[in-house]
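# An overview of the molecular structure
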Amino acid sequence: TNESKDVALISRKVLKQLSKPILLDHTEVVVTSSIGISTYPTDGTNADTLLRNADAAMYKAKDAGRNRAQFFTAEMNAQAQDRLLLENDMRRGIEAGEFILHYQPQIDIASNTIVGCEALIRWQHPKRGMLSPLLFIPIAEESGLIVPIGKFVLRKACMQIKQLMDLGVWPAHAKVAVNLSARQFSDPDLVANLKETLEITGCPVSILELEITESTLMDNVEAAIMTMRQIKEMGIAIAIDDFGTGYSSLSYLKRFPIDILKVDRSFVMDIPSDINDMAITAAVIAMAHK
């Protein structure tokens with residue numbers, strides 16, 4: 001309709017104006033915005049409904065890459081309702097103990113021995129069955145539920161590995177890798193939680209390895225380095241996960257006190273058929289060893 005075209009035109013003008021550089025304390029700063037649009041009466045007949053639908057459209061604009069405008073659709077409303085239901089179920093599921101850990105072994109292919117494992121969370125939903133973290137982790141990140149979920153994963157992994165050690169079946173010198181989300185890594189209580197977990201579970205600090213994505217480290221490099229140093233001082237190993245996707249420069253990389261680089265699967269999944277992937281991966285491995 002003509003009204004929709006007018007709204008689209010206005011939104012583009014707003015985006016253009018907001019993206020102009022701003023001078024703050026002699027430093028040029030550029031900000032972007034995401035706009036959600038709902039129209040009366042198609043998307044709602046009262047203010048609450050229109051605002052709610054515009055908010056859903058705004059999040060859709062963010063997911064699509066930010067700095068854009070997005071109109072609300074009925075499909076988006078259904079997705080928003082489903083996400084809300086899943087978030088409410090997640091709060092209940094944490095209390096009900098519906099989350100469990102699976103362990104992916106890490107194998108040295110030269111000796112064919114297990115050198116460690118990675119703790120991976122799964123959700124045994126009472127109605128939807130076993131849910132992949134790809135479905136619920138993004139919602140947990142947005143809602144803040146990732147913090148109690150992350151704390152559960154860390155404590156459960158340490159407790160279960162300690163039980164394997166007591167049974168004499170845990171391989172010597174093997175480590176258990178636990179993923180840290182961006183919110184967990186920036187949590188000021190992270191180091192205290194790590195110390196408390198190790199003390200409560202009795203798990204040796206030497207077997208714990210924390211995985212942090214490269215993009216998480218690049219959010220605030222100086223703060224990340226300080227946090228990593230505190231973790232290293234405790235005796236915990238640090239791995240960078242999804243390496244190659246976070247656009248970190250080598251000047252930063254050499255300052256990160258890391259033990260392991262995990263090359264992102266996008267570089268290795270087509271080996272050996274893709275010569276470029278082989279060359280890139282070989283270069284990363286050589287650089288990591290140096």
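Everything below is about the structure shown above.
Criteria and cut-off values
Residues numbered from 1 in each chain as written. Predicted model: local features only at pLDDT ≥ 70, side-chain atom pairs only at ≥ 80, totals over all residues. Heavy atoms only, no water. Helix = DSSP H or I, 4+ residues; strand = E, 2+ residues; numbered from the N terminus. Contact = heavy atoms within 4.5 Å. Polar contact = N/O pair within 3.5 Å; in protein donor to acceptor, adjacent residues only side chain to side chain. Expected span 1.5 Å × (residues − 1). Buried < 20%, exposed > 50% of the residue type's maximum accessible area, 1.4 Å probe, protein only. Arc of directions from axis to C-beta. Axes fitted to C-alpha atoms, helices over the stretch in contact; angles between N-to-C directions. Parallel < 35°, antiparallel > 145°, perpendicular 65-115°, else oblique. Left-handed = near helix turned anticlockwise from the far one by under 90°. Nonpolar A, V, L, I, M, F, W, Y, C, P; charged D, E, K, R; others polar. Phe/Tyr/Trp six-rings, centres within 6.5 Å; stacked < 30°, edge-to-face > 60°. Pairing = 2+ DSSP bridges. Disulfide = S-S within 2.5 Å. Patch = residues over 30% accessible without salt bridge, like charges linked within 9 Å, V, L, I, M, F, W, Y side chains within 5 Å. Areas by Shrake-Rupley, 256 points an atom, 1.4 Å probe, with all protein chains shown as cover. Salt bridge = Lys/Arg side-chain N within 4 Å of Asp/Glu carboxyl O.

Looking at where V191 falls in the secondary structure, it is placed in helix 7 (residues 190-201). If sequence neighbours within four positions are ignored, V191 has contacts with Q230 and M234.

Moving on, we get to the side chain of H125. Looking at the secondary structure, you find H125 in strand 6 (residues 113-125). A polar contact is formed between the side chain of H125 and the backbone nitrogen of K127, at a distance of 3.0 Å. There is a polar contact of 3.0 Å between the side chain of H125 and the backbone nitrogen of R128. Among residues more than four places away in sequence, those in contact with H125 are D89, R92, E98 and L131.

Here helix 5 (residues 146-167) contains 22 residues, and its C-alpha end-to-end distance of 31 Å stays within 8% of the 32 Å for a straight helix at 1.5 Å per residue. Along helix 5, the positions that sit buried rather than exposed are I146, I149, G150, V153, L154, A157, C158 and I161. Burial along helix 5 is one-sided: seen end-on, the buried residues are contained in an arc of 160°. Set apart from the buried face of helix 5 by more than 90 degrees, the exposed residues are D166 and L167.

On to the environment of I121. Relative to the assigned elements, I121 resides in strand 6. Separated by 19 residues in sequence, I121 and H102 place their C-alpha atoms 6.3 Å apart. In contact with I121, other than residues within four places in its own chain, are F99, I100, L101, P133, F136, I137, I149, F152 and V153.

Attention now moves to the packing of helix 5 against helix 7. Each packed pair of helices is defined by two parameters, the angle between the axes and the distance between the axes. Running from N to C, helix 5 and helix 7 cross one another at 30°; their axes reach a closest spacing of 9 Å. Comparing their axes, helix 7 and helix 5 come out roughly parallel. In the packing of helix 5 onto helix 7, the handedness of the crossing is right-handed. Between helix 5 and helix 7, the residues in contact are K151, L154, R155, C158, M159 and K162 and N193, L194, E196, T197, L198, I200 and T201, respectively. Here the contact of helix 5 with helix 7 is built from residues that sort into six nonpolar, three polar and four charged.

Our focus in this paragraph is the packing of aromatic side chains. For the structure on display, the rule yields three aromatic pairs. On the basis of an interplanar angle of 25° and a centroid distance of 5.0 Å, the ring pair of F99 and W123 is categorised as stacked. Of this pair, F99 sits in strand 5 (residues 99-108) while W123 sits in strand 6, placing them 24 residues apart in sequence. Exposure remark for F99: the relative accessible area of 6% places this residue in the buried category. On the accessibility criterion, W123 (0% relative accessible area) is buried. On the basis of an interplanar angle of 65° and a centroid distance of 5.5 Å, the ring pair of F99 and F136 is categorised as edge-to-face. Taken together, the residues span a long stretch of sequence, with F99 in strand 5 and F136 in helix 4 (residues 133-143) at a distance of 37 residues. Grouping residues by exposure puts F99 and F136 together as buried. Members of the aromatic cluster, joined through ring pairs, are F99, W123 and F136.

As a further point, take the pairing of strand 8 (residues 175-180). Note: strand 6 against strand 8, four bridges, orientation parallel. Considered in strand 8, the bridge of G116 is made with K175.

On to the state of the cysteines, then. Within this structure, the stated rule accounts for zero disulfides. Counting only cysteine sulfurs, C203 is the nearest neighbor of C158, a cysteine outside any disulfide, at a range of 4.2 Å. Judged by relative accessible area, which is 0%, C158 ranks as buried.

Right, let's talk about a nonpolar patch on the surface for a bit. A surface patch of nonpolar side chains, amounting to about 250 Å² of accessible area, comprises I10, V14 and L18. Note that V14 resides in helix 1 (residues 2-18).

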